[in-house]
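Descriptive analysis of the structure
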Amino acid sequence: MIHSLFLSLALGAGWLLSPESLVIAGNAAGQMGWMTLPVLAFITLLFTACGNLINSAQVTNTEIKEQLMLQSITGKIPATGFSLAAVIPLLVLAATALLVTSGYTFNEVFLYWFPNFGFSFLLLALLTILQFFSDKVIFRAQICFVSLAAGGLLMLSLYGIATTEIPFGLLFKQHGNFSSTSSATLLLLFVGSSGAGFSNGKQQPSLLLPAFGFILFFCWILVSLAAVSPERLTSSTIPYMTAARKIMGDPGRQIMGMVIISGTCAAITGLMLVCRKMLCDIAGITTEGLVSCKKLRWGFPPLIALISAILMATGLAGDELLEVILRGALILWLLRYALLCLAAIIHIKEHSQTFPLPGAVCTFILMAALFSLIFSNPHRIEMLGFLISMLGISGLLATIWFFISRNITAGKSENFQQMEKNL
């Protein structure tokens, strides 16, 4: 039971510990000051309530529960399209952005002579090779990645709390600015929680991941505000490194370098595992088990690695467009999560004859935050174009998938009937 809980936490905490999450938390702290902490607490409660809502929907097949719930309100093809739109863009773009960040971090913190892109491609190759080992090995590696990243961040946080010269009470006396845009952005910290609540087919508590994220970022945001001015946190593209240097000097930079590289490995491995499970769920429904997860396992990681390598080689990682479309991919994942919450409300209403009002309120807030993330973005036109194109392409792929799987199923059925006649 304990191992299952740790595994569920490790799967969901991958993105939580990524460099992009640290940027989101640092920039939000600079913009809102101490108000970031109560907003973070509210978002923790929001995701806890949404997780409980999804888990409370009683579906017979627990292993593919989310996909069955989604298709119950949208149909098979739209549900598959939404899942593909949430899976593929995020994994590819996150791998591209995070690997390049790790490459620059390794070059600047540890070995100046080692090419930054060389390290990025090397790390991509190693993480891809890891996917061909047994699930037991991958799970242990993921727990190791998460432990290193979380341990380093907590070490810096606790050291900063113990050594800071500024009383933390003064931070709460300073002016705090509430921002709906920055508040909505903090939702992106918990991307990946959908799908992480199930480990080996067993349903896990929904409180674990949000509580872990709250404790981790509460401590880190607190010491960041004490060590670095809000203006610098807001404007910095690497607020985590600025804070680490202020807290512990050069050793702090090295610890943060380890956090960034481990967090990148945790994010990519965690997203790969959750996405692979989601694709297996889709395959299990559409092909009635004729396409096994083993076949997807051998083909999916190399495909993602190839696309990410091409994007890095073509220079997308240095373009401002990558940040915009990565945020769009995160929004697509949250959109699927919001639809799961809506499906859970409908399912509970139909089967229990009760209306889950708290869950409905949380779903409404989540939907409103998604619209805020889209239309408050300064690149909203590019964002909308990306969202619409990804949903359209995913819908087309889902239609082709169902057409092919229907023919495969029909062919298998005809062969079986012919064998019966021959016998």
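Here, every reference points to the structure presented above.
The following refers to the structure shown. (Residues numbered from 1 in each chain as written. Predicted model: local features only at pLDDT ≥ 70, side-chain atom pairs only at ≥ 80, totals over all residues. Heavy atoms only, no water.)

1. Focus on the environment of Phe 218
Mapped onto the elements of the fold, Phe 218 is located in helix H10 (residues 208-227). Sequence separation of Phe 218 and Ala 25 is 193 residues, and the distance between their C-alpha atoms is 9.7 Å. Contacts of Phe 218, omitting those with residues within four sequence positions, involve Leu 37 and Leu 40. (Helix = DSSP H or I, 4+ residues; strand = E, 2+ residues; numbered from the N terminus. Contact = heavy atoms within 4.5 Å.)

2. Observations regarding the nonpolar core
Core analysis: the biggest nonpolar cluster contains 137 residues, and Leu 22, Leu 90, Trp 220, Met 256 and Trp 333 have the highest contact counts within it. When residues of this core are assigned to their parent elements, the largest contribution, 23 residues, is made by helix H12 (residues 239-286). Beyond its immediate stretch of four places on either side in the chain, Leu 22 contacts Leu 153, Phe 217, Trp 220, Pro 239, Tyr 240, Met 256, Val 259 and Ile 260. (Core = buried A, V, L, I, M, F, W, Y, C linked by side-chain atoms within 4.5 Å. Buried < 20%, exposed > 50% of the residue type's maximum accessible area, 1.4 Å probe, protein only.)

3. Structural notes on the packing of aromatic side chains
One pass over the full model with this rule turns up 10 aromatic pairs. Measuring from centroid to centroid gives 6.2 Å for Tyr 104 and Phe 117, while their planes differ by 70 degrees, and the two rings are edge-to-face. Of this pair, Tyr 104 sits in helix H5 (residues 76-110) while Phe 117 sits in helix H6 (residues 116-130), and the two are 13 residues apart along the sequence. Assessed through its relative accessible area of 30%, Phe 117 is described here as partly exposed. (Phe/Tyr/Trp six-rings, centres within 6.5 Å; stacked < 30°, edge-to-face > 60°.)

4. Overview of the state of the cysteines
A full pass over the atoms with the stated rule returns zero disulfides. You can see Cys 362 has no disulfide; the closest cysteine sulfur is in Cys 50, sitting 5.0 Å from it. On the accessibility criterion, Cys 362 (12% relative accessible area) is buried. (Disulfide = S-S within 2.5 Å.)

5. Things to note about the side chain of Gln 131
Counting through the fold element by element, Gln 131 comes out in the loop between H6 and helix H7 (135-163). Here the side chain of Gln 131 touches Arg 276 through a polar contact of 3.3 Å, side chain to side chain. Apart from residues no more than four positions distant in its own chain, Gln 131 is found in contact with Ile 138, Thr 269, Met 272, Leu 273, Arg 276, Arg 297 and Pro 301. (Polar contact = N/O pair within 3.5 Å; in protein donor to acceptor, adjacent residues only side chain to side chain.)

6. Some thoughts on helix H14 (residues 320-352)
Structural remark: α-helix, 3.6 residues per turn; residues separated by three or four positions point the same way. Its 33 residues give H14 an end-to-end C-alpha distance of 48 Å, which sits within 8% of 48 Å, the value for a rise of 1.5 Å per residue. Of the residues flanking the end of H14, it is Gln 353, one or two places downstream, whose phi is positive at about 55 degrees. (Expected span 1.5 Å × (residues − 1).)

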